[in-house]
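A look at the structure
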Amino acid sequence: MTMYTKDAMDKIKEAKKEWEEGPLKKTLDRFNVTESPTKNFTPLDIKNFDFLKDVGFPGTPPYVTGKYPVNAVQTTWGKGSTVGAKAKFKRAGRYSGFGTPEDTRDYYRETMEKGFRVGGPNLACDLPTQTGIDSDDEFAEGEVGKVGVAIDSLRDFEIIYEAFTGDMDLDKIASNWTVNGTSNFFIAMYIALAQKRGIPINKLQGTPQNDILKEYVARGTQIFPVKPSMRMQRDTITYCTEHMPKFNIMSISGYHMREFGASRTQTVAFTIASALAYYRLGKDAGLDVDKFSRRMTWLSFGGGMEVLKELSVRRAARRVWAKVMRDKLGSKNPGNWIIRELGGVLCGYWTATKQRPLNNLIRSTLSGAFSALIGDPPSCAPSYDEPLGLGHSLEAQQLEEDGARIIMEEARLCDVFDPFAGSYYIESLTSQYEEEIMALIDKIEEMGGAVETIENGWMKNEIIRNSDDWRKGMESGENIQVGVNKYTGDDEIEVTTHRTVQYDPTGRETVEQRKIDGLKELKLNRDNEKVTASLKRIKDAAQDESVNLLPLFVEAVHEYATMGEVYEQLRDVFGEAL
């Protein structure tokens, strides 16, 4: 069902030819250029456009115009100090965490005492924690508590969650942890903590990032070779599906690939290829895809400053995933064909510059505005001071939140779903991106799937090649960042503002020693015979691929075995990632 008859299309085609040979050619000749720097699109560019097939209504396949029948942002909007406050959903709070568990606990307590809405903890973890080594390991030296909180054992979780009791106990909040290779240890700690508090684990809500495949191509915190890591993913999928029905299994993340240098279509294709690998783990384990898919979430695809292209590729991603769920994974429930992502951050984080940082506020406001126009939250993230160091200032957080409020409540851009639907340019670009994404997915499938293309290095090399092209474009001036490689003369003004950072920098120098001292005390006071026995059970079970290791993790965690001790047993069996 096309929008125009053949006669109408013929008339448009003839009129376009007259325009090109007349007004356009005269203008180009006048300015002595051979090609127009601006493009024009017409119905000729969407000849086969079918509204019901290509766009549809909000909350119906292919979900291009919106994931839900009503804009979820408007139904959850509140008067709290964070965008989308309170209302009907349990949500983790702002990404946070630093130093020792005591430092992070005190930060949460102080934040709540000041009246800020925290939600549950949304933990940033230091690199030793993300890579499965303890704070007293020689390889952890200099990194303990630096880019997030240092966590070694259940005792650390107990300390952090001292800030979350009573009406904010574990069954009344949601927790997020940005860890991947160590996700199952975190889940085990959460289970053990709930059991100690007498809370049934089937009431727990939360999300570990737990997208291990993108670590091999974009972040680098992988611990084991790919296949043993996928076994750990299978353990998460099967255990959580059976025992923790409210708990999200993972947050599939294209964002990191984009930040590493992938193109917008590579990002979507590689992320969906990885998702296919995860979903097939569940299916191969005998699970119904329509049961566990409700607990598979997505973080974001990242983005860039060409906002019309970014919103088009997001629309294409929605269409592609609906088809993948139906055709490749055999889902029978259209409600499961949605990309369950937070959304927003249309311009990504990599676009934020250290030079003239207040310009980042303009970038993130554009991001929020155009996110709203495709039904995503009007999030003006990142805060303008993102490149200036860990911990956004209170001023930057206020501006970020006010930007979203202005977009929604003054500009009212959330009042209409997908106003670009039917645009000749946007629909043409959406279809173009869909074709490019599907071609990449098909190529990966032909090569054996995401795991195979990660193991042989193809996927990472493709990203590196694109990243190198972008770098060359920055050097040549083809790619522009204002204040970085253009408009940098002496006549330009550096605009600054006051920054109030919540984190106390004075305690950072003592973090490592305080954490090491805490580990020594833990190991002196626990029952080390029981720890040793629990570690042996994990090592023995790891040699049998059919065994789910998560219950054994819970046993070891209860005995206060450390993360480094548990993962050392697994390294002996699985080997280490190269």
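One structure accompanies this document, and this report is about it.

Turning to the pairing of strand S4 (residues 205–208), a few remarks are in order. With burial as the criterion, each face of S4 is covered, one bearing Gln205 and Thr207 and the other bearing Gly206 and Pro208. Pairing of strand S3 (residues 174–177) with S4, which is carried by four bridges, proceeds in the parallel orientation. Each residue of the ladder has a partner; that of Ala174, found in S4, is Gln205. A crossover links S3 with its parallel partner S4, the connecting element being helix H7 (residues 183–196), and its sense is right-handed.

Across the interface, helix H11 (residues 264–284) lies against helix H16 (residues 424–446) with an axial gap of 9 Å and an inter-helix angle of 45 degrees. Taken as axis vectors, H11 and H16 run oblique relative to one another. Crossing angle aside, the handedness with which H11 passes H16 is right-handed. Contacts from Arg264, Thr265, Gln266, Val268, Ala269, Phe270, Ile272, Ala273, Leu276 and Arg280 of H11 reach H16 at Tyr433, Glu436, Ile437, Leu440, Ile441, Ile444 and Glu445. Across the contact of H11 with H16, the residue classes break down as 11 nonpolar, two polar and four charged.

Looking now at a negative patch on the surface. On the surface, Glu14, Glu18, Glu20 and Glu21 cluster together into a patch of negative charge. With respect to the helices and strands, the residue Glu20 is situated in helix H1 (residues 6–30).

All right, on to H11 then. With 21 residues, H11 should cover 30 Å at 1.5 Å per step; its first-to-last C-alpha distance of 30 Å lies within 8% of that length. Summarising burial for H11: 18 of the 21 residues are buried, a large majority. Among the residues trailing H11, Gly286 stands out with phi positive, at a value near 95 degrees.

A word on the environment of Leu522. Positionally, Leu522 belongs in helix H19 (residues 511–525). Sequence separation of Leu522 and Ser153 is 369 residues, and the distance between their C-alpha atoms is 9.0 Å. Aside from chain neighbours lying at most four places away, what touches Leu522 is Ser153, Arg155, Tyr560 and Thr562.

Turning our attention to the packing of aromatic side chains. Throughout the structure, instances matching the rule amount to 27 aromatic pairs. Summarising the aromatic geometry, the rings of Phe157 and Phe186 are spaced 5.5 Å apart at their centres and angled 85 degrees between planes, so their arrangement reads as edge-to-face. You can see Phe157 sitting in helix H6 (residues 154–160) and its partner Phe186 sitting in helix H7, a full 29 residues away along the chain. Relative accessible area serves as the criterion here: at 0%, Phe157 is assigned to the buried category. Where Phe224 meets Tyr567, the ring centres are 5.8 Å apart and the plane angle is 5 degrees; that geometry is what we call stacked. Here Phe224, found in the loop between helix H8 (213–219) and helix H9 (226–243), pairs with Tyr567, found in helix H22 (residues 563–574); they are 343 residues apart in sequence, far enough to count as distant. Among the aromatic residues, ring-to-ring pairing joins Phe98, Tyr107, Tyr108, Phe157, Tyr161, Phe164, Trp177, Phe186, Tyr190 and Phe247 into one connected group.

This part covers the pattern of salt bridges. Evaluation of the coordinates by the stated rule reveals 50 salt bridges. Notably, a salt bridge pairs Lys515 with Asp152, separated by 2.7 Å at the nearest N-O pair. Residue Lys515 is located in helix H19, and its partner Asp152 is located in the loop between helix H5 (127–130) and H6; the two are separated by 363 residues in the primary sequence. Looking at Lys515, the relative accessible area reads 6%, which means it is buried.

On to unusual backbone geometry, then. Looking along the chain, the bond that leaves Pro61 and enters Pro62 is cis, with omega of 5 degrees. Looking at where Pro62 falls in the secondary structure, it is placed in the loop between helix H2 (51–54) and helix H3 (72–76). The amide bond that connects Ala381 to the next residue, Pro382, takes the cis arrangement and shows omega of 0 degrees. For Pro382, the location among the structural elements is in the loop between helix H14 (359–372) and helix H15 (394–410). Although it is not a glycine, Asn210 sits at a positive phi angle of roughly 55 degrees. For Asn210, the position within the fold is in the loop between S4 and H8. Residue Asn210 is classed as buried on the basis of its relative accessible area, which comes to 2%. Positive phi values are uncommon outside glycine, yet Tyr487 reaches one of about 60 degrees. Note that Tyr487 resides in the loop between helix H18 (458–476) and H19.

Rules used in this analysis
Residues numbered from 1 in each chain as written. Predicted model: local features only at pLDDT ≥ 70, side-chain atom pairs only at ≥ 80, totals over all residues. Heavy atoms only, no water. Buried < 20%, exposed > 50% of the residue type's maximum accessible area, 1.4 Å probe, protein only. Helix = DSSP H or I, 4+ residues; strand = E, 2+ residues; numbered from the N terminus. Pairing = 2+ DSSP bridges. Right-handed = clockwise from strand over helix to strand, strands pointing away. Axes fitted to C-alpha atoms, helices over the stretch in contact; angles between N-to-C directions. Parallel < 35°, antiparallel > 145°, perpendicular 65-115°, else oblique. Left-handed = near helix turned anticlockwise from the far one by under 90°. Contact = heavy atoms within 4.5 Å. Nonpolar A, V, L, I, M, F, W, Y, C, P; charged D, E, K, R; others polar. Patch = residues over 30% accessible without salt bridge, like charges linked within 9 Å, V, L, I, M, F, W, Y side chains within 5 Å. Areas by Shrake-Rupley, 256 points an atom, 1.4 Å probe, with all protein chains shown as cover. Salt bridge = Lys/Arg side-chain N within 4 Å of Asp/Glu carboxyl O. Lys, Arg positive; Asp, Glu negative; His and termini not counted. Charge placed at Lys NZ, Arg CZ, Asp CG, Glu CD. Expected span 1.5 Å × (residues − 1). Phe/Tyr/Trp six-rings, centres within 6.5 Å; stacked < 30°, edge-to-face > 60°.

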